[in-house]
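# Tertiary structure, described
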Amino acid sequence: MIEFYIDTHSGVPPYLQLSQQVRRALKLGVLEQGDQLPTVKEVVARLAINPNTVSKAYRELEHEGLVAARVGVGTFVAKSLSDSSLAAHGPLRHDLEQWMLAARRAGLDDESIDALIRECFRSSSGAVLS
Amino acid sequence: MIWFSWRQFRTQTIVAAGILVVVAIVFGITGLHLHHQYDTVVKHCASHADCGSVTSAFQSSDHLLQHFVQAGGILLPALLGAFWGAPLVAREFESGTFRLAWTQSVSRTTWLMGKFAVVALAAVVTSALFTAMATWWATPFDHLNNSPFSGFDARDIVPIGYALFAVTLGAAIGLLVRRTVAAMALTFFSFAGVRILLTDYVRPHFATPLRYVTAFIAPFQSSSGGAPSAITKGGPGANAWILTDTTLSRTGKVIGQNGGIGPNGEFNVDSIGHHRDVLGGLGICPNRFPSPPAHLAGQRINIGPNPAMMRAMETCINSFHLQSLFTYQPASRFWTFQWYELASYVVLSALLTSLSVWWVRRR
Amino acid sequence: MLSVLLGGGPKLTSVLTTEALTKRYRRKTALNDCTLALPEGRVVGLVGPNGSGKTTLLNLAAGLLSPTSGSLKVLGEAPSDDPKHLERVSFVAQDTPVYSALTVEDHVSYGAHVNPRWDRDLAERRIEDLGLDPRQRAGKLSGGQRSQLALTLAIAKRPEFLILDEPVAALDPLARREFLQVLMETVADQHVSVVLSSHLVADVERVCDYIVILVSSRVQIAGDVDDLLATHHRLIGPRDADAPTGQVVIESSYTDRQSMLIVRSDGPVADPGWLVEAINLEDLVLAYMGQGRRLDRGVSADSSGS
């Protein structure tokens, strides 16, 4: 079962954060096809947010075909997003951890690491798209 | 709503019950003794020579408790009004709980009447029990008293009416003023005011007073306008409630009030050294006080009436053939008046209740 | 003053409608010419500075006050003393009044006795979940516990409309969070419309999907939160530039080089001279609060004849 959280200062609307978290969980294989998402009631009882926010997130996910609502039962994952690339996660994660150690040993602080990663990410996204 | 009103009132009920139990015990023990005393010693003492002293000795026994019984009877309704009636609604405004109560699924009328009913019932029962005990306790003294009307306010059934009215008044004032302490004080004093007004101006007229005319004959018994001996001889009777005692001339002109001559019966108070210009212009009678000796002239000294001068004055007054007019209520009307007064206060309570209901719905 | 309603789609019924609603006391006007139509089934936030008229509006809606002029309808009817109306609306007043000498259990029994729709199981479950001792006197409860008790009483009545006046203002952050959790769970569970007032925009942002901004006794703006955020922008441009056409400027501030405007627009901002940014709810509320205050002072200045 996925555990939601809301970051009020991220500037991202709450419903988007929820649907992003679901997509992320799907990508990481934390959620698989057939798994049940928490009910709207459960989510708001924990997060103290408006139920419409949760409903909106679930509707969007349903629109994308990622989840399906079964009336009276709940909302279930319709399709896995973890694909063949999931297998690559393990070694990639390992490489990333090694890189992190190297960066720290080189004396980079958190901000520098963050800036470096974002810069590479941005330029690589542009490269991929073009 | 009745259940909840009782629940809110639970502490007061327990306190009242506790006090009544204590009172019952005290009254019971002392009262039984008093009744026994009366029955054995005083009741039939007319045959004995020392009846007078025995009676007065009895009348001064348990003096403190006698005062408590009378004062308690007078104060109890006022206290109930202030402590039970005033906070009833005022407290809900002060603590803000009316915002909880008025948004439940009952109308404000139901809410108010539920509270009223509980407090009214409690006040009536408390007052009835206390008054019954007090009336029983005071019976020996009342037998020896002249008029049953003298203890009217604390006997039998009227205190129940007072108690009902007091709590109703308290609740209404609390509703208007919305501050508990202020409402309590206001209730106490306005209740007293109403009681005085009704007692002095309404009670005498529950039934048309009877009239009795007799000759005004000096000498008179007391010098303070008290009931002259004429009354005991075939007139209103010793137990009656004398409302007015007016002195009339032979032609029926009013020349005095309160059993004397002049507006305050000032016949009884003489100025020193002057002949009394008496009888409202009917004539002059000699003074009963001698003039002070020459060497004390000009000073205010009361030497005291001279018996011969007294008799001369009285003979002179009687020569004018004055009359006394009494208006009174006979003792036989005591119970009728109790019912009338009870009814008056019940009607007042009903009016106040309607007013309160109207007022609470306006908000 | 113009009161603007921005809707978020067709609203078939309104849970609270007011028409030029005004409440005046001897010396001050608590609420001035308010016209609103709050959609049902939402959690409506009533925000504004202290003394802006929030409590007055909510007390009027709860039937505890009557208007000086104008009208209001709650669930389609004027607030009244009729038990049939009273059972559809619950009110939790500011400072959550309870009967201090009576126990938690007494309060629940009270609710059961006087409310026909009372849900006894719900009440008992809530008391248990809260860990409240039924025999505890209400006066001895903490602030958070008292507000939870008041909320329980309001919820177990099964109303259609729940009115809360600053329910969490005096609570610590944990108690606040717990209160809102229960409230949201209830909204998810029962079909109930909620209006709650608060001067904490952060809470409103979390739980409300419709807001009303009340400043100086007047409604500045009311609408769907999503719509409001979509139609308000922050514009940054050079100092001497004219404001783009078709925008209503809510707030403006200037440095020697730059202008910053907060505007409301119905369409996209076409003027290329301005940098357009999204705005968050707190800044939007602050902008309207500032505008409200300025208008209020402007009105006073006019009336003094200057």
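Residues numbered from 1 in each chain as written. Chains lettered and ligands numbered in written order. Predicted model: local features only at pLDDT ≥ 70, side-chain atom pairs only at ≥ 80, totals over all residues.

Turning next to the overall build of chain C. The secondary structure content of chain C amounts to nine helices and 14 strands. Its C-alpha atoms give chain C a radius of gyration of 21 Å, near enough to 19 Å, the size a compact globule of 306 residues would have. For chain C, the proportion of its 306 residues judged to be buried stands at 45%. For chain C, long-range pairs separated by at least 24 residues make up 73% of all intrachain contacts whose partners lie at least 6 apart in sequence. (Helix = DSSP H or I, 4+ residues; strand = E, 2+ residues; numbered from the N terminus. Rg over C-alpha atoms; globule rule 2.2 N^0.38 Å. Buried ≥ 20, exposed ≤ 12 C-beta atoms within 10 Å, placed from the backbone. Contact = placed C-beta atoms within 7 Å.)

Residue and element names in this part refer to chain C. Reading across the sheet, the four strands line up as S12-S13-S11-S14 and stay open at both edges, with antiparallel pairing between neighbours. Each edge of the open sheet carries a strand with a single partner, namely strand S12 (248-254) and strand S14 (275-278). Averaged over all pairs of adjacent strands, the angle between their axes in this sheet comes to 25 degrees, without regard to strand direction. (Pairing = 2+ DSSP bridges. Axes fitted to C-alpha atoms, helices over the stretch in contact; angles between N-to-C directions.)

We now examine the domain arrangement of chain C. Residue and element names in this part refer to chain C. Here the domain parsing of chain C yields domain 1 (4-226) and domain 2 (228-303). Taking the mean C-alpha position of each, domain 1 and domain 2 sit 32 Å from one another. Counting residues at the interface gives 16 residues for domain 1 and 13 residues for domain 2. Broken down by secondary-structure element, the contributors of at least two residues to the side of domain 1 that touches domain 2 are helix H7 (201-207), strand S9 (210-215), strand S10 (218-224) and helix H8 (225-231). With five residues, the top contributor of residues to the side of domain 1 that touches domain 2 is S10. Residue composition of the side of domain 1 that touches domain 2, grouped by class: eight nonpolar, four polar and four charged. (Domains from an automatic or database assignment. Nonpolar A, V, L, I, M, F, W, Y, C, P; charged D, E, K, R; others polar.)

Turning next to the environment of Leu36 of chain C. Residue and element names in this part refer to chain C. By the secondary structure assignment, Leu36 is in strand S3 (residues 29-39). Residues Leu36 and Ile250, spaced 214 residues apart in sequence, show a C-alpha to C-alpha distance of 20 Å. Beyond its immediate chain neighbours, meaning those up to four positions away, Leu36 contacts Leu16, Thr17, Thr18, Val212, Val219 and Ala222.

Interfaces are often sized by the amount of accessible area the parts lose when they come together. Between chain B and chain C, the residue contacts involve 18 residues of the former and 21 residues of the latter. Per-element tally for the side of chain B that touches chain C: the top contributor is helix H1 (residues 2-42) of chain B, with four residues. Here the side of chain B that touches chain C is composed, by residue class, of six nonpolar, eight polar and four charged.

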